[in-house]
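Listed below are the residues making up each chain.
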Amino acid sequence: MCGIHELTEKDLQPLTYTPAYLDKIKGMRFFDPHVHMTSRTTDDYQAMADAGVVALIEPAFWLGQPRTGVDTFRDYFNSLLGWERFRASQFGIKHYCTIGLNSKEANNEPLAEAVMEIMPQFIYKEGVVGVGEIGFDDQTALEEKYYRAQLELAKEAGLPVQIHTPHRDKKKGTQRSMDIAIEHGVAPHMVIVDHNNEETVKEVLDRGFWAAFTIYPFTKMGNERMVEVVKQYGSERIMVNSAADWGISDPLAVPKTAALMHESGIDLNDIHLVTYMNAVKAFAQSGQMNEADFDLSGNIDQSERFNGSTVLRGGQQPRINKSTTIIR
């Protein structure tokens, strides 16, 4: 008959596990220039901070179902400027955003008109580093209409443009996006073309635009493919992001890709450029970004409140160890 083991204090000590990839990127700093943190948990912020992510950009995007009124956009834009910026700061991460009418909802013309009216109230706010993510989804006439209108807003504000390239007929949509930007007099160095793949990258780089790659499971780009892209094209004007949202996605895609690049023999300077510095250079053109502002870790007080709310819940202590299997 088996005896019953009584739990001791030693049994209750946290079991720790450090993912192997973290050893390969120890001491590195990362910038994720496209991640939808509204869809993520505070645990994701903590994991990103632990992996070396010091700053991120959250583009305005589609929330998974159509919005029915302009006030929902107003509240959403305010949350990007307020609560999400605060929430990120509680984990030592500097949060920026881009503001825009996404291509999917541009097809609701009455709503799109109303959103365009309020956008000037937001794009000049502190921490807004671009107009985005904008561009094409189904490549409709209405998508083009509001893409053009937002390019003009970006020009007027002197902000970079963050382009969403379509999932379907991507090459045509990417070419069309660049053609229209140039037609509106937006300089290529002010445009970040996102969601690139092997089919689009050469033309984007040849035409002088920034080429961003989304590391997103099962769709877009895997990080093994990303390693090959960097080996072929180098690191100039290339950046990596996670675009982590409410779908199956990974907010640690940038540090994991850096680890794989390191393992694959890519030079550390090239890794630094595509997972950090190129994003800084591209979006610092907004005048809203300073690397010195990334160092928040010494000023974290998780008991702070934003409009009465804190990331802690009743009785919680700051900094929960995610590696343990024990939830106390």
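Residues numbered from 1 in each chain as written. Predicted model: local features only at pLDDT ≥ 70, side-chain atom pairs only at ≥ 80, totals over all residues. Heavy atoms only, no water.

- If you check an unreviewed UniProt entry, the chain appears there as TatD family hydrolase from Chitinophaga qingshengii.

1. Focus on unusual backbone geometry
Next up, step 1: Omega for the peptide link from glycine 132 to glutamate 133 comes to -10°, which places this bond in the cis form.
Next up, step 2: Tracing the backbone through its elements, the reader meets glutamate 133 in strand 4 (residues 128-135).
Next up, step 3: Even without a glycine there, the phi angle at glutamine 139 is positive, about 60°.
Next up, step 4: Examined against the element boundaries, glutamine 139 turns out to sit in the loop between strand 4 and helix 6 (141-157).
Next up, step 5: Despite not being glycine, aspartate 169 shows a phi value in the positive range, around 55°.
Next up, step 6: Looking at the secondary structure, you find aspartate 169 in the loop between strand 5 (161-164) and helix 7 (170-183). (Helix = DSSP H or I, 4+ residues; strand = E, 2+ residues; numbered from the N terminus.)

2. Concerning helix 9 (residues 223-233)
Next up, step 1: Where helix 9 is concerned, the buried positions are Met226, Val227, Val229 and Val230. In a view along the axis of helix 9, the buried residues occupy a sector of 160°, so they form one face of it. Exposed and facing more than 90 degrees away from the buried side of helix 9 are Glu224 and Gln232.
Next up, step 2: Glycine 234, located one to two residues past helix 9, shows a positive phi value of around 80°. (Buried < 20%, exposed > 50% of the residue type's maximum accessible area, 1.4 Å probe, protein only. Arc of directions from axis to C-beta.)

3. Some points on the sheet that holds strand 7 (residues 210-214)
Next up, step 1: The strand order 1-2-3-4-5-6-7-8 describes an open sheet built from eight strands, whose pairing is parallel. Single-partner strands in this sheet number two, and they are strand 1 (30-32) and strand 8 (238-241). Pairs of neighbouring strands in the sheet enclose a mean axial angle of 25°, with direction left out of account.
Next up, step 2: Pairing of strand 1 with strand 2 (residues 53-59), which is carried by three bridges, proceeds in the parallel orientation. Looking at strand 2, one finds that aspartate 32 is bridged to leucine 56.
Next up, step 3: Against the sheet, helix 6 engages strand 4 and strand 5, with an angle of about 165° to strand 4. (Pairing = 2+ DSSP bridges. Axes fitted to C-alpha atoms, helices over the stretch in contact; angles between N-to-C directions. Contact = heavy atoms within 4.5 Å.)

4. With respect to the packing of helix 5 (residues 109-118) against helix 6
Next up, step 1: Where helix 5 meets helix 6, the axes come as close as 11 Å, and the angle between the chain directions of the two elements is 5°. Classed by the angle they form, the pair helix 5 and helix 6 counts as roughly parallel. Here Glu109, Ala112, Glu113 and Met116 of helix 5 come into contact with helix 6, specifically with Leu142, Lys145, Tyr146, Ala149, Gln150 and Leu153.
Next up, step 2: Of the residues belonging to the contact of helix 5 with helix 6, the class tally is six nonpolar, one polar and three charged. (Parallel < 35°, antiparallel > 145°, perpendicular 65-115°, else oblique. Nonpolar A, V, L, I, M, F, W, Y, C, P; charged D, E, K, R; others polar.)

5. Notes on the pairing of strand 3 (residues 94-99)
Next up, step 1: For strand 3, a buried count of six out of six residues is recorded, marking the element as mostly surrounded by other parts of the structure.
Next up, step 2: Burial along strand 3 is two-sided: Lys94, Tyr96 and Thr98 facing one way and His95, Cys97 and Ile99 facing the other are all buried.
Next up, step 3: One ladder, built from five bridges, connects strand 2 with strand 3; its direction is parallel. When the bridges of strand 3 are listed, proline 59 appears paired with threonine 98.
Next up, step 4: The pairing of strand 3 with strand 4 spans three bridges and is classified as parallel. Each bridged residue has a counterpart across the sheet, and for isoleucine 99 the counterpart in strand 4 is valine 131.

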